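Here's the letter readout for the chains.
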Amino acid sequence: MAWPFARLSAGLMLFLFLLPQLPAGAHAEQLSDTDLGRKVMVDYIVHFAHHLQWPIDVFNGASAPFRICVMGENELVAPLTARLHHHRIQGRMASLERVNDGEMLRARRCQIVVMGDMGAERLAQAVGALEFFPVLTVSDVRRFANLGGMVEFAGSGANLALQLNKTRLDRAELKMGNSLFRLSREIN
């Protein structure tokens, strides 16, 4: 499946504007600072798990779990645990795991790594260590996509946006359905 917008420059970020999800009065620094923000993020993380295509060789056999891992200070552990309980993704049982600093080899075996607040330098090192591996990196840390992350949850109030780093998605050989790009627009 070919990527839409193939003519875009390699370093281009795509914004996806999603319908308003948060109340107008919410002005948290990060989406994960509120219950509703955490719910929205978990919903999208699970949506990504179901709609992205990973190379089959990332799984160690037919019974291997679909691994979603968390790194750094992360408020999403509890809602992800609740949502993934007995959940199947692409026919595999979902597994939620914590990955600590210095465990990048373990992080490379995850399909999705949700990165919490861990400081810009450590965050950049972590996404750099995962750059050419088929691991989707997501976070609501400000400027995450600029630091090399793949999906940044951005916005405040009634505006929620996903900033995608298409270059990193391409390097990881993760295939995303066209449905995610329908609401996108180019950002210079």
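Residues numbered from 1 in each chain as written. Predicted model: local features only at pLDDT ≥ 70, side-chain atom pairs only at ≥ 80, totals over all residues. Heavy atoms only, no water.

Caption draft 1: Representation of helix 4 (residues 120–129) within the structure. Every buried residue of helix 4 is accounted for by Leu 123, Ala 126, Val 127 and Ala 129. Along the axis of helix 4, the buried positions cluster into a sector of 160°, meaning they face one direction only. Seen from the open side of helix 4, the exposed residues pointing more than 90 degrees away from its buried face are Ala 120, Glu 121 and Gln 125. (Buried < 20%, exposed > 50% of the residue type's maximum accessible area, 1.4 Å probe, protein only. Helix = DSSP H or I, 4+ residues; strand = E, 2+ residues; numbered from the N terminus. Arc of directions from axis to C-beta.)

Caption draft 2: Seen up close, the nonpolar core. Counting residues in each nonpolar core, the largest one holds 36 residues, and the members touching the most others are Ile 112 and Leu 136. At the level of secondary structure, the elements contributing two or more residues to this core comprise helix 1 (35–51), strand 3 (66–71), helix 2 (77–84), strand 6 (112–115), strand 7 (136–139), strand 8 (151–156) and strand 9 (159–165). In terms of residue count, the dominant contributor to this core is helix 1 (eight residues). Beyond its immediate chain neighbours, meaning those up to four positions away, Ile 112 contacts Ile 45, Ala 49, Trp 54, Phe 66, Arg 67, Ile 68, Cys 69, Val 135, Leu 136 and Val 138. (Core = buried A, V, L, I, M, F, W, Y, C linked by side-chain atoms within 4.5 Å. Contact = heavy atoms within 4.5 Å.)

Caption draft 3: Spatial organisation of the pairing of strand 5 (residues 92–98). Judged from the five bridges that link them, strand 3 and strand 5 form a sheet pairing that is parallel. Looking at the pairing, Cys 69 lines up with Glu 97 of strand 5. As judged from the two bridges shared by strand 4 (residues 88–89) and strand 5, these two strands associate in the antiparallel manner. Within strand 5, the position partnered with Ile 89 by the bridge is Arg 92. Where strand 4 folds back onto strand 5 in an antiparallel hairpin, the turn is made up of two residues, including Gln 90, whose phi is positive at roughly 50°. (Pairing = 2+ DSSP bridges.)

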